[in-house]
Amino acid sequence: MKYKVFSIIFSILLVITLPLALCSCSTQKSSKNDEIILRIANWEEYLDEGDWDDDEEIELENGKKIIGRNSMIKDFENWYEKTYHKKVKVEYSTFGTNEDMYNQLTIGDTYDLICPSEYMTMKLMAENKILKYSDEFWDTSDANNYYAKGVSPYIKKSLDQLKYQGQSVGDYTAGYMWGTLGYVYNPKYVSREDAEDWGLLLNQKYYKKITAKDSVRDCYFAVRGMQTQKEILTKKFQNQSNYKERLSSLLNDTSDQSIQNAGMILSKIKDNVYSFETDSGKADLVSGKVVANLQWSGDGVYSMQQVEEEGIKLRYAVPKASTNLWFDGWCMLKSGIGKDKEKQQAAQAFVNYISRPDNVVRNMYYVGYTSVISGGEDKTIYDYIKYMYGSEDKKSIDYDLNYFFQQNGDNYNYVMKTSEEMSKGQLYAQYPTQDVMRRSAVMTYFGDQANKKISRMWIDMRCFDPRIKINNK
């Protein structure tokens with residue numbers, strides 16, 4: 001943001017040149033009224049930037065040809081003016097973590113639309129910082145409301161059922177990308193059985209050959225998975241009528257005892273893993289420094305695609321007991337939009353534009369993560385999945401995606417043919433099976449006090465060893 005400093009001398013000149021200044025101000029005001037400024041903050045490399053090569057053009061079964069010539073931002077600006085007869089100028093920024101984004105807001109940076117993860121959305125709800133989406137946004141009779149018409153019913157239900165202080169998270173966020181937490185591994189060295197166990201990070205067969213995310217929340221979830229998987233896998237637990245609620249409760253336990261135990265386990269993990277990493281895990285898998293990595297599913301897809309070029313085959317596994325189901329979604333900030341209805345319409349229009357099936361394909365191709373959009377009656381996204389992972393080989397197997405794509409009253413059968421490798425690799429990472437979704441739980445916002453305790457535990461683990469008691473005399 002640029003600031004102007006007016007000196008006494010400039011004030012004198014302003015009085016002298018008042019007629020010209022008034023003319024200039026009038027022109028600026030008119031120009032401003034003709035253009036909406038929309039300030040967006042998103043994750044790094046999380047939106048198609050265009051400049052695709054010609055050979056990257058995607059031609060689908062339904063005849064659609066998709067290619068990113070311009071950036072998604074530029075195409076949105078052009079589409080908005082053509083559709084709503086009003087110019088919009090997007091000021092686009094990026095951030096590296098949810099906490100970076102929140103700190104930017106704290107120091108005074110102003111945005112209209114941001115893309116936090118679900119727990120940060122809950123935090124912003126608790127602080128009364130974000131707006132609900134309007135009734136007009138959910139009107140499926142509006143041809144331009146691509147989100148309401150195309151969001152996967154499964155994802156919509158998951159977001160609506162996710163509550164914070166009695167309010168539905170789905171009212172305050174429009175989903176963008178989603179996924180799970182699991183292990184990307186090299187099947188040449190790691191068995192599927194070992195990779196489907198949260199305890200892989202502690203498995204001494206792979207001493208200094210595994211990496212974990214340098215993220216307190218992801219590692220805390222993995223440790224809670226280790227602590228609870230024996231109980232979760234019992235028939236008694238599996239057959240509970242409130243299984244999903246109990247699963248979420250166990251994995252989101254932030255009692256003092258659970259935090260203390262997590263610190264002890266993480267210290268053992270620290271001794272066993274090659275490193276806690278922020279972005280090197282993918283490269284370490286490619287180079288062969290490590291044979292497995294705790295990763296988000298989207299990064300897993302990227303890793304598997306990268307090593308294919310090197311002739312290496314990686315796979316993705318979700319522990320048999322549980323996994324983290326995460327969402328990134330678009331939230332409108334009160335501090336930016338306020339009561340400006342035109343700006344809110346532009347923000348909601350941006351969400352709708354990137355939810356249009358062809359644009360969903362562009363973003364998924366560019367980013368590697370999985371969109372929450374299934375497309376409704378439009379089969380473009382499903383055709384893209386078949387384009388990427390389908391197989392007509394005699395050894396191909398059925399892969400059921402009905403839970404994600406099927407709408408109410410939709411008689412289309414979303415069962416595609418794929419290779420066994422893809423069913424345990426890239427396709428499995430992008431679109432996990434329904435049984436994986438059953439054992440998934442969202443990691444919620446813990447609250448300030450629990451966050452402080454977990455952060456303190458993490459710092460102690462990273463800098464010291466909580467297993468060693470220091471005797472101060």
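Model, not experiment: these values are computed from the prediction.

Chemist: How should the overall build of the protein chain be read in this particular structure?
Modeler: Secondary structure assignment for the protein chain yields 23 helices and 18 strands. Structurally, the protein chain occupies a C-alpha span of about 80 × 75 × 45 Å along its principal axes. Partitioning the contacts of the protein chain with sequence separation of at least 6, the portion at a separation of at least 24 is 75%. Carbon and sulfur atoms provide 49% of the accessible area of the protein chain, an area that totals close to 23,400 Å². Here the protein chain contributes 61 positive and 66 negative side-chain charges, whose respective centroids are spaced 6 Å apart.

Chemist: Sorry if this is basic, but what is going on with the side chain of R39 here?
Modeler: Considering the arrangement of structural elements, one finds R39 in strand β1 (residues 35-43). Note on R39: relative accessible area 17%, which makes it buried. If near-sequence neighbours (up to four positions away) are discounted, R39 is found in contact with E91, T110, Y111, D112, L113, G336 and K343.

Chemist: Could you clarify how one ought to interpret a negative patch on the surface in this entry?
Modeler: Judged by side-chain charge, E44, E45, E49, D51, D53, D55, E99 and D100 come together as a negatively charged surface patch. Note that D100 resides in helix α4 (residues 98-106).

Chemist: Is there a simple way to think about the packing of helix α17 (residues 357-367) against helix α18 (residues 380-389) in this case?
Modeler: Direction vectors running N to C along α17 and α18 enclose 35°, while the axes themselves pass 8 Å from each other. Between α17 and α18, the contacting residues are P357, D358, V360, V361, M364 and Y365 on the first element and T380, I381, Y384 and I385 on the second. Looking at the contact of α17 with α18 residue by residue, the class counts come to eight nonpolar, one polar and one charged.

Chemist: Where do I start with the nonpolar core in this structure?
Modeler: Side chains that are nonpolar tend, in soluble globular proteins, to be buried together. Core analysis: the biggest nonpolar cluster contains 101 residues, and F76, W178, W330, F350, I385 and Y431 have the highest contact counts within it. Contacts of F350, omitting those with residues within four sequence positions, involve L38, I40, L47, I73, F76, L113 and W330.

Chemist: Quick question: what am I supposed to make of the pairing of strand β17 (residues 415-418) here?
Modeler: When a strand is regular, its side chains alternate between the sheet's two faces. Residues M416 and T418 line the buried face of β17, whereas the alternating positions V415 and K417 sit on a face that is not buried. Two elements, strand β16 (residues 397-400) and β17, share four bridges in a ladder whose sense is antiparallel. Bridging from a neighbouring strand, D400 pairs with V415 of β17.

Chemist: So what exactly am I meant to see when it comes to the packing of aromatic side chains here?
Modeler: Think of a pair of aromatic rings as described by two things: how far the centres are apart, and how the planes are tilted against each other in angle. This model, assessed by the stated rule, comprises 38 aromatic pairs. Taking the centre distance of 6.1 Å and the plane angle of 65° together, the rings of Y183 and W198 count as edge-to-face. Of this pair, Y183 sits in strand β9 (residues 174-185) while W198 is found in the loop between α8 (192-195) and β10 (210-213), placing the two residues 15 residues apart along the sequence. Each member of the pair, Y183 as well as W198, is classed as buried. Judged by centre distance (5.6 Å) and plane angle (65°), the ring pair of W326 and Y369 falls under edge-to-face. One end of the pair, W326, is in strand β14 (residues 323-333); the other, Y369, is in the loop between α17 and β15 (370-371), and 43 residues separate them in sequence. Exposure remark for Y369: the relative accessible area of 10% places this residue in the buried category. Across the ring face of F446, the terminal group of R217 is positioned such that the distance to the ring centre comes to 5.0 Å. Seen from the ring of Y243, R438 lies directly overhead, with NZ or CZ sitting 3.9 Å from the centre.

Chemist: Please explain helix α3 (residues 72-84) as it appears in this structure.
Modeler: Turn by turn, an α-helix covers 3.6 residues, leaving residues three or four places apart pointing in a common direction. Relative to the 18 Å expected for 13 residues at 1.5 Å per residue, α3 spans 17 Å between its end C-alpha atoms, a close match to the ideal helical length. Inspection of α3 places M72, I73, D75, F76, E77, W79 and Y80 among the buried residues, and these make up the whole buried set. Elements in contact with the buried residues of α3: β1, β4 (87-95), α6 (146-150), α16 (341-354) and α17. Immediately downstream of α3, the backbone of H85 shows phi near 55°, a positive value.

Chemist: Can you help me understand the environment of E245 in this one?
Modeler: Counting through the fold element by element, E245 comes out in helix α11 (residues 243-251). On a C-alpha basis, the gap between E245 and A441 in space is 8.8 Å, while along the polypeptide they are 196 residues apart.

Chemist: What exactly am I supposed to notice about the environment of I73 here?
Modeler: Looking at the secondary structure, you find I73 in helix α3. Note on I73: relative accessible area 13%, which makes it buried. Note: C-alpha distance between I73 and F137 (64 residues apart in sequence) is 20 Å. Once residues lying within four places of it in the same chain are set aside, the contact partners of I73 are L47, V90, Y92 and F350.

Chemist: Teacher, can you tell me more about the packing of α4 against helix α5 (residues 118-126) here?
Modeler: Two quantities define a packed helix pair, namely the angle between the axes and the distance from one axis to the other. Packing of α4 against α5 brings their axes to within 10 Å, and their N-to-C directions diverge by 25°. If you check the angle between α4 and α5, you find them roughly parallel. Note on packing geometry: the crossing formed by α4 with α5 is right-handed. Along its contact with α4, which presents N98, E99, M101, Y102 and L105, the element α5 presents Y119, M120, K123 and L124. Among the residues making up the contact of α4 with α5, the classes are represented as six nonpolar, one polar and two charged.

Chemist: Help me understand unusual backbone geometry in this model?
Modeler: In this structure, E45 takes a positive phi of about 55° despite not being glycine. Looking at where E45 falls in the secondary structure, it is placed in the loop between β1 and β2 (58-59). Judged by relative accessible area, E45 falls into the exposed class, the value being 61%. Even without glycine at this site, K208 takes up a positive phi of about 60°. As for its placement among the helices and strands, K208 is situated in the loop between α8 and β10.

Chemist: It is not clear to me how helix α7 (residues 153-161) should be interpreted in this structure. Could you clarify?
Modeler: All of the buried residues along α7 are I155, S158 and L159. Looking straight down α7, one finds its buried side chains confined to an arc of 95°; they lie on one side. What points out from α7, more than 90 degrees from its buried face, is the exposed set K157 and Q161. Buried residues along α7 sit in contact with α6, β8 (167-168), β9, β14 and α19 (402-405).

Cut-offs and rules
- Residues numbered from 1 in each chain as written.
- Predicted model: local features only at pLDDT ≥ 70, side-chain atom pairs only at ≥ 80, totals over all residues.
- Heavy atoms only, no water.
- Helix = DSSP H or I, 4+ residues; strand = E, 2+ residues; numbered from the N terminus.
- Contact = heavy atoms within 4.5 Å.
- Areas by Shrake-Rupley, 256 points an atom, 1.4 Å probe, with all protein chains shown as cover.
- Lys, Arg positive; Asp, Glu negative; His and termini not counted.
- Charge placed at Lys NZ, Arg CZ, Asp CG, Glu CD.
- Buried < 20%, exposed > 50% of the residue type's maximum accessible area, 1.4 Å probe, protein only.
- Patch = residues over 30% accessible without salt bridge, like charges linked within 9 Å, V, L, I, M, F, W, Y side chains within 5 Å.
- Salt bridge = Lys/Arg side-chain N within 4 Å of Asp/Glu carboxyl O.
- Axes fitted to C-alpha atoms, helices over the stretch in contact; angles between N-to-C directions.
- Nonpolar A, V, L, I, M, F, W, Y, C, P; charged D, E, K, R; others polar.
- Core = buried A, V, L, I, M, F, W, Y, C linked by side-chain atoms within 4.5 Å.
- Pairing = 2+ DSSP bridges.
- Phe/Tyr/Trp six-rings, centres within 6.5 Å; stacked < 30°, edge-to-face > 60°.
- Lys NZ or Arg CZ within 6 Å of the ring centre and 35° of its normal.
- Expected span 1.5 Å × (residues − 1).
- Parallel < 35°, antiparallel > 145°, perpendicular 65-115°, else oblique.
- Left-handed = near helix turned anticlockwise from the far one by under 90°.
- Arc of directions from axis to C-beta.

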